[in-house]
Amino acid sequence: MTRGGAKQRGTRRSAKASVTSHVNLDLQPAHQPVVESSEGEIEEEKEKVTSSRRSFELEAIVGDAKIEGVQHFEIQWKGLGIEHNSWCTKDEMEIEYPETLAKYLQALENNRANVSKFNRLFQYAKGQSISVLNTVDDVDCPEDFTYINHNIYSDEVPRPCTPMFWCECTNGCHEGCECASERNYNKDGRLISVGKGRIVECGPLCKCGDECINRVVQNGSKAELELRRYLHKGWGVVTKCPLKKGTFVAEYVGEVITTDEAERRGFKDKPQGLTYLYDLDNEFFASDCSDFSIDAKTHGNISRFFNHSCNPNMNTHSIYIEHRDPRLHRLAIFATRYIRIGEELTIDYSPGAVEGESVKTDPCHCGATNCRKFMFF
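In this report, the structure presented in the accompanying data block is examined.

### Observations concerning the overall build of the protein chain
- Secondary structure summary: the protein chain contains 5 helices and 21 strands in total.
- Of the contacts made within the protein chain by residues no fewer than 6 positions apart, 69% connect residues no fewer than 24 positions apart.
- Total accessible area computed for the protein chain in this model is approximately 18,600 Å², and 50% of it derives from carbon and sulfur atoms.

What follows is the structure, encoded as structure tokens:
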């Protein structure tokens with residue numbers, strides 16, 4: 001939701017690549033199994049964990065998940081960024097924070113919204129399992145929202161027709177194949193370079209087969225996700241499975257529209273905070289405006305609900321499969337680091353923003369230690 005160039009528009013996201021800053025996010029669940037340790041050593045380790053927690057004040061329980069078959073709860077600490085959240089077992093919570101735990105469990109039993117419409121829509125998600133949780137209010141699925149797995153094009157947008165070359169490989173692409181000249185993925189299908197902007201996958205005319213290592217985005221994401229309602233941020237998405245660095249999470253899809261139409265919709269919807277515009281500007285210089293945008297307000301998939309963070313755990317890449325028209329590239333979203341079970345999935349809505357040079361819009365509530373406090377576009 002950002003603008004693609006210097007010209008001011010409605011709130012828009014940008015596909016321009018950026019270098020993601022990192023702090024130490026290699027956090028583990030609070031309760032870790034101790035291998036080949038005596039009973040005394042185990043108790044000593046537990047006491048160290050408990051003592052460290054007593055140094056901080058509990059802000060809230062922000063999530064829960066089963067880790068190695070044991071129920072854990074994610075703890076946010078007052079005054080600390082969300083990257084310092086901890087995981088505690090139910091037994092630990094009952095000892096240290098029994099009242100907070102009881103309130104959280106009661107809220108889980110009272111899912112306040114009727115999420116049946118969401119559940120019906122998510123049945124159309126290609127290859128993905130998506131659940132819904134709202135313990136905050138009675139807000140349900142947005143009106144007039146249709147779940148789609150691929151972009152649709154408005155009448156004013158030309159259909160991409162730049163021809164792709166194709167390969168004659170069989171049983172996957174081989175060394176020397178033009179399609180695989182720039183290797184995008186490792187043998188597990190994870191992106192090798194999460195900072196890379198452009199990705200070219202094998203196209204529909206290639207003879208390498210559906211199992212080719214260079215067909216990741218087009219085969220869909222297998223990540224198990226949950227749409228979750230937050231008090232101050234509205235809808236957000238958390239992962240229900242661990243995601244390794246370079247994992248393909250989702251494609252940002254919607255209605256592809258012209259820049260002029262995007263500006264009109266942006267100014268109309270921004271007062272209600274309902275803009276879901278993403279500029280197709282990965283192939284443009286910072287000062288240039290894109291020709292087209294993706295609008296996911298009424299047609300989209302789970303990526304429509306990804307929230308912003310100033311320290312995101314995912315980023316976007318331009319992806320080419322059927323053509324190589326730089327004005328109409330697709331948008332693929334990959335994990336930039338290891339993402340834990342129950343962690344919210346976030347992207348930076350304005351990765352190229354520079355304070356003092358970009359326009360401040362809405363306050364930012366991402367909670368990261370390096371939060372810019374405002375959205376910049």
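### As for helix α5 (residues 259–269)
- Those residues of α5 not exposed but buried are T259, A262, E263, R265, G266 and D269.
- Packed against the buried residues of α5 are β12 (255–258), β13 (277–279) and β14 (292–295).

### Here's the deal with the packing of aromatic side chains
- Across all of its chains, the model carries 10 aromatic pairs by this definition.
- Measuring from centroid to centroid gives 4.8 Å for Y252 and Y278, while their planes differ by 65 degrees, and the two rings are edge-to-face. With Y252 in strand β11 (residues 248–252) and Y278 in strand β13, this residue pair connects regions lying 26 residues apart in the sequence. Neither Y252 nor Y278 differs from the other in exposure class; each is buried.
- Three or more aromatic residues joined by ring pairs make a cluster, and in this case those are F118, F122, F145, Y147, W235 and F305.
- Sitting over the ring of Y230, K233 keeps its end group 4.6 Å from the ring centre.

### A word on the layout of surface pockets
- Quantified by volume, the largest pocket comes out at close to 1,000 Å³.
- Lining the largest pocket are 39 residues, and of these A60, I61, V62, Q76 and Y230 sit closest to its centre.
- For the lining of the largest pocket, the secondary-structure elements that each account for two or more residues are β2 (58–67), β3 (70–77), α3 (98–109) and β9 (225–230).
- Of the residues belonging to the lining of the largest pocket, the class tally is 15 nonpolar, 13 polar and 11 charged.

### Comments concerning the side chain of S293
- Structurally, the position occupied by S293 is in strand β14.
- With relative accessibility at 0%, the residue S293 sits in the buried group.
- Among the polar contacts made by the side chain of S293, one reaches the side chain of D279 at a distance of 2.7 Å.

### Observations regarding the side chain of T239
- Position of T239 among the secondary structure elements: in strand β10 (residues 234–239).
- In terms of polar contacts, T239 uses its side chain to reach the backbone carbonyl oxygen of C241, at 2.5 Å.
- Beyond its immediate sequence surroundings of up to four residues, T239 is in contact with E224, L225, I339, R340, I341, G342, E343 and L345.

### Details of the sheet that holds β2
- Pairing within the open sheet is antiparallel, and its 3 strands lie in the order β2-β3-β4. Edge strands, defined here as strands with exactly one partner in the open sheet, are β2 and β4 (86–89). Across this sheet, the average inter-strand angle for adjacent strands is 35 degrees, counted without regard to direction.
- Both β3 and β4 contribute to a ladder of 4 bridges, which runs antiparallel. By the bridge assignment, E74 is partnered in β4 with W87.

### Remarks on unusual backbone geometry
- Look at E68: it is not a glycine, yet its phi comes out positive at around 55 degrees.
- Considering the arrangement of structural elements, one finds E68 in the loop between β2 and β3.
- Positive phi, normally seen in glycine, also occurs at N171, with a value near 55 degrees.
- With respect to the helices and strands, N171 occurs in the loop between β7 (152–153) and β8 (198–200).

### A look at empty space enclosed by the protein
- Enumeration according to the criterion identifies 3 cavities of 30 Å³ or more in this entry.
- Surrounding the largest cavity, 16 residues form its lining, N149, G220, S221, E251 and N301 being those nearest its centre.
- Residue contributions to the lining of the largest cavity peak at 4 residues, all from β11.
- Considering only residue class, the lining of the largest cavity consists of 6 nonpolar, 7 polar and 3 charged.

Rules of the game
Residues numbered from 1 in each chain as written. Predicted model: local features only at pLDDT ≥ 70, side-chain atom pairs only at ≥ 80, totals over all residues. Heavy atoms only, no water. Helix = DSSP H or I, 4+ residues; strand = E, 2+ residues; numbered from the N terminus. Contact = heavy atoms within 4.5 Å. Areas by Shrake-Rupley, 256 points an atom, 1.4 Å probe, with all protein chains shown as cover. Buried < 20%, exposed > 50% of the residue type's maximum accessible area, 1.4 Å probe, protein only. Phe/Tyr/Trp six-rings, centres within 6.5 Å; stacked < 30°, edge-to-face > 60°. Lys NZ or Arg CZ within 6 Å of the ring centre and 35° of its normal. 1 Å grid on protein atoms, 1.4 Å probe; cavity = no way out; pocket = protein on both sides within 12 Å on 5 of 7 lines; lining within 4 Å. Points joined across faces, edges and corners; volume = space filled by probe spheres on them. Nonpolar A, V, L, I, M, F, W, Y, C, P; charged D, E, K, R; others polar. Polar contact = N/O pair within 3.5 Å; in protein donor to acceptor, adjacent residues only side chain to side chain. Pairing = 2+ DSSP bridges. Axes fitted to C-alpha atoms, helices over the stretch in contact; angles between N-to-C directions.

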